[in-house]
Amino acid sequence: MSVHGIDNQEDQPLVQLDAVGCTYGAGERAVVAVHDATARVLAGEHLAVIGPSGSGKSTLLHLMAGLLPPTSGEVTWPGLGGSPAGRPGLVGTVFQGPSLLPPLDVLENVALPLLLAGGDQQAANTDAERALAALGLTSLEHALPEELSGGQAQRVAVARVLATRPRLICADEPTGQLDRHNADHVVDVLLAAASELGAAIVVATHDPHISRRLEHSWQVDDGRVRTGALA
Ligand code: ADP
Ligand code: MG
């Protein structure tokens, strides 16, 4: 929709990738992780990024989250009014690897981004408790990360992102360490949160059971991205 000829930011893609390439290293050791990707994510979209290990899924998510600059092409965020880097609450990333801070308990880990974004302690704790409850983690609020299983830590990382109420949720294999029941629950919570927030979600996965629950998919093979709807 346009108002007085000016496109409404709400109708713009959240992320737009134009001929994006990303190469790690240089010379003989260079690895082309993403090759000439042109694609976009729209507001409210539910997208699976599917591909084998090493195909470039994490790199794509980090590019979309503004955590990694492309080495060629351009990543833009028209629907977010510019790069989300340094602007909390726009893009939330659930990292593939361990990302909780060891000295902080679960509640403190989830509340931390809210405090860093300028929230007061009480409001941060309330929002963190709500996100943890949605993931069935209330009983673990005072556990330390070292006391959690891999799957529990992964769910805390999801809660930490949802508590910030982002417009775009990038979840990098968020169910990789979970059994089917817990994996389904995490996807239920991500979809419910996306719908409540009006957020888009991008889930990197190699599990077809997970990708079938998202309407759109990008297939990544050896750094090459093919976009399309899931059959
Ligand atoms: P996926 O998430 O699909 O497993 P990645 O995006 O992690 O794929 O990796 C894509 C390619 O880039 C792989 O060949 C990987 O080894 C390489 N790669 C990823 N991160 C780095 C890095 N920091 N330095 C060098 N190579 C990397
Ligand atoms: Mg990965």
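Residues numbered from 1 in each chain as written. Chains lettered and ligands numbered in written order. Predicted model: local features only at pLDDT ≥ 70, side-chain atom pairs only at ≥ 80, totals over all residues. Heavy atoms only, no water.

*Asks:* Talk me through the pattern of salt bridges; I want residue IDs and the actual numbers.
*Replies:* Evaluation of the coordinates by the stated rule reveals six salt bridges. Glu196 is paired through a salt bridge with Arg130; the nearest N and O atoms lie 3.7 Å apart. Highlighted residues: Glu196 in helix α5 (residues 180–197) and Arg130 in helix α3 (residues 121–134), separated in sequence by 66 residues. Connected via shared salt-bridge partners are Arg130, Arg165 and Glu196. (Salt bridge = Lys/Arg side-chain N within 4 Å of Asp/Glu carboxyl O. Helix = DSSP H or I, 4+ residues; strand = E, 2+ residues; numbered from the N terminus.)

*Asks:* Which residues make up the site of ligand 1, and what are the values?
*Replies:* If you check the shell around ligand 1, you find Tyr24, Val31, Ala33, Pro52, Ser53, Gly54, Ser55, Gly56, Lys57, Ser58 and Thr59 and nothing else. One of the side-chain nitrogen or oxygen atoms of Lys57 is found 2.8 Å away from an oxygen atom of ligand 1. Considering ligand 1 on its own, with 560 Å² of exposed area, one finds that the protein chains cover 60% of that surface. Elements supplying a minimum of two residues to the shell around ligand 1: β4 (31–41) and α1 (57–64). At three residues, the largest contribution of residues to the shell around ligand 1 is made by α1. Partitioned by chemical class, the residues of the shell around ligand 1 number four nonpolar, six polar and one charged. (Near = heavy atom within 4 Å. Polar contact = N/O pair within 3.5 Å; in protein donor to acceptor, adjacent residues only side chain to side chain. Areas by Shrake-Rupley, 256 points an atom, 1.4 Å probe, with all protein chains shown as cover. Nonpolar A, V, L, I, M, F, W, Y, C, P; charged D, E, K, R; others polar.)

*Asks:* Any chance you could break down the coordination of the magnesium ion (ligand 2) for me, citing the residues and the numbers?
*Replies:* Protein coordination of the magnesium ion (ligand 2) is provided by Ser58 (OG) and Gln96 (OE1), with donor distances spanning 2.0 to 2.2 Å. One end of the pair, Ser58, is in helix α1; the other, Gln96, is in the loop between β7 (91–94) and α2 (106–116), and 38 residues separate them in sequence. Judged by its relative accessible area of 21%, Ser58 is partly exposed. With a relative accessible area of 38%, Gln96 lands in the partly exposed category. (Donors = N, O, S within 2.8 Å, 3.2 Å for Na, K, Ca; no water. Buried < 20%, exposed > 50% of the residue type's maximum accessible area, 1.4 Å probe, protein only.)

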